[in-house]
Structures are given as structure tokens and as C-alpha cells.
Amino acid sequence: MPVEGLVAIGAGLAVGLAGIGAGLGEQAIGAAAVGAMAEDPEFFGKGLLMTVIPETIVIFGLVVAFLLMFI
Amino acid sequence: MLKPVEMVKVCIVGPKDYFKSTAETLHRLNVLHIEDYSGEEGYFQIGAPLDEASKLSRFVVTLRSLLSYVKLDGVYEPKKVYSVSELSQVAESKVSELESMITSKIDEIRDIEDRLRRIADEKRLIEPLIALGLPPELLSGYKNITVFVGFIRSDPLERIMDVTKDFERFIAEFEREYVVAVFVKNEAANDVLRVLQELGWREISVPIKEGSFQDKLVELDREEVELREKLEKLRAEIEALEMENLDLMLALEEHLSIELEKCELPLKAATSKYAFIIVGYVPKEKFETFKQETEKNKVVVLETKDDVWKPPTAFKNPSVAKPFELLTTSFSIPKYTEVDPTTVMAFFFPIFFGFMLGDIGYGVILIGLSLWLSRIFKTEGWQSLLRILLYSGISTVIFGLGFGEFFGFELFGHESILGGEFEHWEPILGNRLYDAPKLLVVTLAVAVIHMSLGFIFGIRNVAKEHGWKHAIEEKFNWFMALISIAFIITGFIMNTLAGIPVFSLNFAYIAAVPLILAWAVLTVMGEGPMFLIEYLTLLSNTISYARLLAVGLASVGFAIAFNKIAFEMLMPAGIVGLIAGIIILALGHFINILLGILDPGLQSLRLHYVEFFVKFFEGGGIRYNPFGRIRKYTKEEV
């Protein structure tokens, strides 16, 4: 698996920055979802659904990292 | 399996005189989900509870408050089960007997708690006075002198000097404030009080006139200890008394609650002057027996087919899939007309979980853990959760064999820890680190299959509820979009493998074009042009399944890192290194297992909730909740 140095840095940045972005997105949603769940536990499913929506961005980052490293 | 239990709507009509016996039968049969009568139609009114209801509810409240002193876990098994006839004779006298026995003790406890509160108040007064250091005799009993004793924010010395020169002040620090005693002549008292008040003065009323504050404090402490002992004893006595009568109390509580439920049944029924009507839903297969049994009470049971058709959802799943109902319901209860996705979830959830964790060692630990915990936590929710964990553990072991991983070590392939023959073997599913691109393609294929299933359910749900036109314009178009995405990804992969520029034309790209066109036309017709942008959402949904690989790689990465630190860096460095290595190894794998339960579990759940359910699942159904209950502490004679 020979990976040129800069490509590795690029792959790392793709995952890392996407992670930071998703984290920033999730913090507000997560707080609101926990609040809603404290009011009514029935919100668990919908709360989880809303919270993890920004997470897909990290997967994009990951896919980009894969494309960089393997292709 | 995919559909809930089939229901029929029934209507029970009879004269009011037979209401009570009908209520008895309905409660015993425990199959009728009653639809509350809203009382909007003029002639029929909501019924009034039977006469005994108020007495019964008083008894039930008393019993429950008595029972609140005993800590019961959810799985208490009664030693004696009382029969209903036995209970109904003694219920009244027994409840008052138990009440009088326990109430006197409860009153005593309340008195003691009162006294304890007063002691605490007094102690709060005495502690600052001890800090001040003046004996109680000096703080009161003057004719011409006024004494101010209290808390203050800052030293009032200079401010008082502005008002009068004839005074004496004692001050001490106490809990971020000062406690102060000021002695002034009566004439100056008012002026001094004003000054003190400006400095946030709060008076302390001195609790004793003579003796010493220290002695008083010791006395109070002693009294407090005595009272607390007494309190503990009383509580233990109550608990012992209740434990002795526990089975009886539980039986009474159950019996009276049931009687109360029956008495309050008219609140759900429509009644006129002489007749009553109860409307509800019964599972179709039980309808005949239900009809026969109920009609013994000289009432009429009819199957109705009126406009209001809102049957409750009763899950009907094979027992293997039952635990997964917990996950479905925590999203929402499926509507009666909807596909119940529990069984599909029972199939895919463990597979996703296993694919992500995929390690024989971790899988065995998960299996052991779930079996062990299921002996400790007996409540229904925990049992379901642990059963899901067990399935996931088994799946983890199977995928672990496929990937050839054992606590992060490779079992097969050229780095095999087993050595010898195994170095020539290849893991069936490939090595997750070196074959990552191949597995990425697998996850995308899983995505297409999983979401296709979702769209097929969606087509069925919409077709059933709104007709085929809607189904084709709202769900089938997206199904075609998904297939076009599959073709595009295939084209991408083919070009990559062939080593030509990724977007050069090939047959897969061409195959996607008519699908995209058809999707676009249907979407514009059905939902409007704004929805075309949702194609990207679907694309991101598909790529989202790459997490199946990503989470797995993270757990492999952890395991390999810890193994490397322990075996290659620490252990060769002598005895200290050996010990440190073992600690690192244990700690690292412990953390990894913890993450290995949490993360694949959550991610797998997310793939179902976000990517799968939204394709078809609206939810908002009514849970089937039949009138009646399963008796635990009492039994009925036949």
C-alpha cells in the first residue's frame, strides 16, 4: 500500500475536517434532541435520526480519502 | 410477519343491567381493544363509573402508598397466589387493618422527621454564635441596652461611630459573612438598626438564655443521633411488617385495581338511559370465541364496518424477531396498514453489526456478556436488548471467521499468527485493511439492496393507502433513481478497474440515462421540480453505507495498534515491559469492546432509522392494548 506523503496528508485532512464539520453540526441538534427526549422519551427514534444526519459528511470525507489512497 | 395481526371492528350492545357481567367477561377475555367513545352524538352519553369506583380508588391509593415503602424489583415472584373470591370477601377489612397497623408508625416517622428538621434549624443558629464566642447570658436581659445579634456583610464599626459613640461591637467571620453582636443604648437603637440594615443585616434569634452554646450543640447532636436511630428502626419495622404481608398486599392491590378498571369501563362506553354500546377491535382469529363468550351475558356482539376504521397495531412476528420490536417501537409504532419492518430488521441488524465489528474474539466476549447479563436483568426491555446483543455477537463471530480476525490479529494469510499451513489460506471475505476498496464496493451493493427493499415496502404502503398512481409517482420513481445510482457506481468501478478515465462512457452509464429521465419526469409530475434536488440525498444515503466498512476499520485499527504497542514495543523490554504490555493489552481491548458494542450498535440502528425507514415508514399507529390484564398475584376460579 505505497502512499505518497502528501496524498496521505490529504486523506487525513479529508476525514479530519469532515469530522470537525459534522461535530459542529451535530452539537446543536444533539442538545435539542436530548432536551426533547427528556420531555418525552417517545422522541428517541426521531431524535437519533435528526442527530446523525450531519454524520454522512464524515462518510463523504472517508470515501474521498479512499479514492485518494487507493485509486 | 410483515403485517400486524388482522383486526375486526366489533360493537357490543346490551341493556345496562348486564353491563357489570359484560365488563367481567371482557376483562377476563383480555382481547378487546376499546375505542373510547368521544360523546359527541346527542342521544348517547359517556357512561358514569359504577358506584363502587370511588371507594375502590380510595383503597387502591392507600395500598399503593403503603407499598411505596417496599422496594420491589420487577421480577418478584409471589409465594402465595390468592384467589379472587377469598380476596373480595376480606378486601375491605384487610385494607383498613393494614392501614391502621402501618399508619401509626408512619405518623411517628413524620413526627421524628419534623423534630429533626427543627434540630437542624437550631444548629444553624447556634454555630455562628459559637464562632462569636459570647456566652448566652450576655446576649439578653438588659434594661437600658439593646443588643443586635445577626449576620452582616461587612464590619459596621465605622458606620456605627457616625451615629453614636456609646456602643460595643463583637465580630467574627462565619462562612463568607460576618456574625456580629452590637450593644447600644436604647436611645440610639433605631439609628444603629438603620445603619446595620444598610449593610445587609439578618437577625439571629438567640435560642437559649443561659448555659453554654457548646453544651447545647452537643445536646442537639446527641438528640439527633438518637432520633435517627429510632427512625431507622421504625422504617425497618414497617418494611418487615410489609414483607410479612407482601403477597397479600400485592394481591389486594392487583385485585382492587382490576375491580376499579371494570368499574371505570363505562367511561369508555356510550350509554343511553337503558342501553350501552362498547366499540372496539378484536383480532380476527379470536372473534368467534369472543362473540360466543360475551354473548352469554345476554348482550349482542356485532362485527361493524363503519367509516371510522382506525385499528390498533398488534405485532405479529416470529419469536426470533420479537426482541427487535423494541427498536421498531422506539422509532414509532407502525400504522395498521403499514408494513411492519421488525422481521427485516431482525435479519439486517445483526448482519450490519457483525460486518462492522467482525472479530471472533470480540464476538465470543459479546455472546458471553449477553448471556451473563440476561441472568441479572430480568425486565422485558433488558431481555430484548440482550437478545439483540446475543444475535449480534453470533453474527460478529461468523464475520470474524470470514475476515480471519481474532482480537485484531490475522488468522489467515501471510501474517497469520497461527503460522504453518494457515499462511497459505485467504480469508473468505478478504482482509479488511488490504481489501478495503473491494469491501467498499460490497457495502454499496448492500446499500442498494437494503434501500430497494425500503422502496418496495414504500410502494406497497402508498399503493394501499392512496392508490397505485401515487405509489408510482412518489416511491417507484425513487426506486428507479436508486437503480440509476447503482448503475453509475458500477460504471465508475468498471472504468477504475480498467484503468481508463473514470467518466469515459461505458454501458453502465448509458443504462442509467433512461432511468434518470423516467425518474425526473415522474418526480416533476408527482412532487414538483423542487424534489429533483433530492437525488443528491439518495446518493448520500447510498454512500452512507460505507460506514459499514469505516467503523470496522476503526475497530481493526485500534486492535492492531494496541497489539503492536504491547507485543512489539513493550514486551521485549524485560519484566517491567511485560507487565506494562499486559496492562496496555487488557485496557486497550476493553475499550475497544466497549466501543465495539456502542458504535456498531448505534450505526446499525442509524442505517435502519435514517436510510431504511424513511423510505416507507410513517408510523404513528396505535398500540394494541386490550381491556384486561394478566394476573400475577391473584387467580380466578373457573
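Residues numbered from 1 in each chain as written. Chains lettered and ligands numbered in written order. Predicted model: local features only at pLDDT ≥ 70, side-chain atom pairs only at ≥ 80, totals over all residues. Heavy atoms only, no water.

(A) How the structure looks around the overall build of chain A. Along the backbone of chain A there are three helices and zero strands. From first element to last, N terminus to C terminus, chain A shows the α and β order α-α-α. In terms of overall size, chain A is more extended than a compact globule, its C-alpha atoms giving a radius of gyration of 16 Å where 71 residues would be expected to give roughly 11 Å. Dimensions of chain A, computed from C-alpha atoms along their principal axes, come out at roughly 50 × 15 × 10 Å. Burial statistics for chain A: of 71 residues in total, 31% are counted as buried. Residue pairs in contact within chain A that sit at least 24 positions apart in sequence constitute 77% of those at least 6 positions apart. When the accessible area of chain A is evaluated, it comes to approximately 4,200 Å², of which 76% is carbon and sulfur surface. (Helix = DSSP H or I, 4+ residues; strand = E, 2+ residues; numbered from the N terminus. Rg over C-alpha atoms; globule rule 2.2 N^0.38 Å. Buried < 20%, exposed > 50% of the residue type's maximum accessible area, 1.4 Å probe, protein only. Contact = heavy atoms within 4.5 Å. Areas by Shrake-Rupley, 256 points an atom, 1.4 Å probe, with all protein chains shown as cover.)

(B) Structural view of the overall build of chain B. The helix and strand inventory of chain B stands at 18 helices and 14 strands. A compact globule built from 638 residues would reach a C-alpha radius of gyration of about 26 Å, whereas chain B, at 38 Å, exceeds it by more than 25%. Each of the three principal axes of chain B carries a C-alpha extent, and together these read 110 × 90 × 55 Å. When burial is assessed residue by residue, chain B has 47% of its 638 residues classed as buried. Excluding contacts between residues fewer than 6 apart, the proportion of contacts in chain B whose partners are at least 24 apart in sequence is 81%. Working note: accessible area of chain B is about 33,300 Å², and carbon and sulfur atoms make up 61% of it.

(C) Molecular detail of the side chain of H33 of chain B. All names here are of chain B. Looking at the element boundaries, H33 is found in strand β2 (residues 33-34). The class for H33 is buried, based on a relative accessible area of 11%. Residue contacts for H33: discarding those within four places in its chain leaves G280, Y281, P312, I622, R623, Y624, N625 and P626.

(D) Molecular detail of a nonpolar patch on the surface. Residues and elements named next belong to chain A. Judged by side-chain polarity, L6, I9, L13, L17, I20 and L24 come together as a nonpolar surface patch covering roughly 670 Å² of accessible area. Structurally, L13 is set in helix α1 (residues 5-39). Residue L13 is classed as partly exposed on the basis of its relative accessible area of 47%. (Patch = residues over 30% accessible without salt bridge, like charges linked within 9 Å, V, L, I, M, F, W, Y side chains within 5 Å. Salt bridge = Lys/Arg side-chain N within 4 Å of Asp/Glu carboxyl O.)

(E) Local environment of helix α8 (residues 287-295) of chain B. Residue and element names in this part refer to chain B. Residues of α8 that are buried: F287, F290 and T294. Take α8 and look down its axis: the buried residues cluster within an arc of 60°, on one side only. If you follow the buried residues of α8, they end up packed against β1 (7-15), α1 (19-29), β10 (275-283) and β11 (300-303). (Arc of directions from axis to C-beta.)

(F) Representation of empty space enclosed by the protein. Residue and element names in this part refer to chain B. Enumeration according to the criterion identifies two cavities of 30 Å³ or more in this entry. Approximately 50 Å³ is the volume attributed to the largest cavity. Taken together, E405, G408, E410, N431, R432, L433, V556 and I560 form the lining of the largest cavity. A class-by-class count of the residues in the lining of the largest cavity yields three nonpolar, two polar and three charged. (1 Å grid on protein atoms, 1.4 Å probe; cavity = no way out; pocket = protein on both sides within 12 Å on 5 of 7 lines; lining within 4 Å. Points joined across faces, edges and corners; volume = space filled by probe spheres on them. Nonpolar A, V, L, I, M, F, W, Y, C, P; charged D, E, K, R; others polar.)

(G) Structural view of the pairing of strand β7 (residues 177-185) of chain B. Residue and element names in this part refer to chain B. In this structure, strand β5 (residues 145-152) lies alongside β7, joined through eight bridges in antiparallel fashion. Considered in β7, the bridge of I152 is made with Y178. The sheet contact formed by strand β6 (residues 167-174) and β7 spans eight bridges and is antiparallel. Bridge assignment links A172 to a residue of β7, and that residue is V179. Counting the residues between successive antiparallel strands, the hairpin from β6 to β7 contains two residues, one of them, E175, with a positive phi of roughly 45°. (Pairing = 2+ DSSP bridges.)

(H) Summary view of unusual backbone geometry. Residue and element names in this part refer to chain B. Even without a glycine there, the phi angle at R176 is positive, about 65°. Examined against the element boundaries, R176 turns out to sit in the loop between β6 and β7. Positive phi outside glycine occurs at K298, with the angle close to 60°. The residue K298 is located in the loop between α8 and β11 in this model.

(I) Region of the structure containing the interface of chain A and chain B. The interface of chain A with chain B comprises 18 residues on the first partner and 23 residues on the second. Buried area between chain A and chain B, summed over both chains or domains, comes out near 1,700 Å², and the portion from carbon and sulfur atoms is 80%. The largest share of the area that chain A buries against chain B comes from L49, I59 and F66 of chain A, three residues that together contribute 27% of it. Viewed at the interface, chain B and chain A are joined by two salt bridges. Residues E55 of chain A and R547 of chain B are paired through a salt bridge, measuring 2.7 Å at the closest nitrogen-oxygen approach. Viewed at the interface, chain B and chain A are joined by one residue pair in polar contact (both at pLDDT 80 or more). Those elements that place two or more of their residues in the side of chain A that touches chain B are α2 (44-51) and α3 (56-70) of chain A. With eight residues, the top contributor of residues to the side of chain A that touches chain B is α3 of chain A. Broken down by class, the residue content of the side of chain A that touches chain B amounts to 13 nonpolar, two polar and three charged. (Buried area = accessible area lost by both parts, 1.4 Å probe. Polar contact = N/O pair within 3.5 Å; in protein donor to acceptor, adjacent residues only side chain to side chain.)

(J) Highlighting the layout of surface pockets. The computed volume of the largest pocket comes to approximately 640 Å³. Forming the walls of the largest pocket are 22 residues, and the residues nearest its centre are L67 of chain A together with L440, L444, F492 and I493 of chain B. Where the lining of the largest pocket is concerned, the elements lending two or more residues are α3 of chain A together with α13 (436-466), α14 (468-498) and α16 (534-544) of chain B. A class-by-class count of the residues in the lining of the largest pocket yields 20 nonpolar, one polar and one charged.

Spatial relationships are all this shows, so hold off on functional conclusions.
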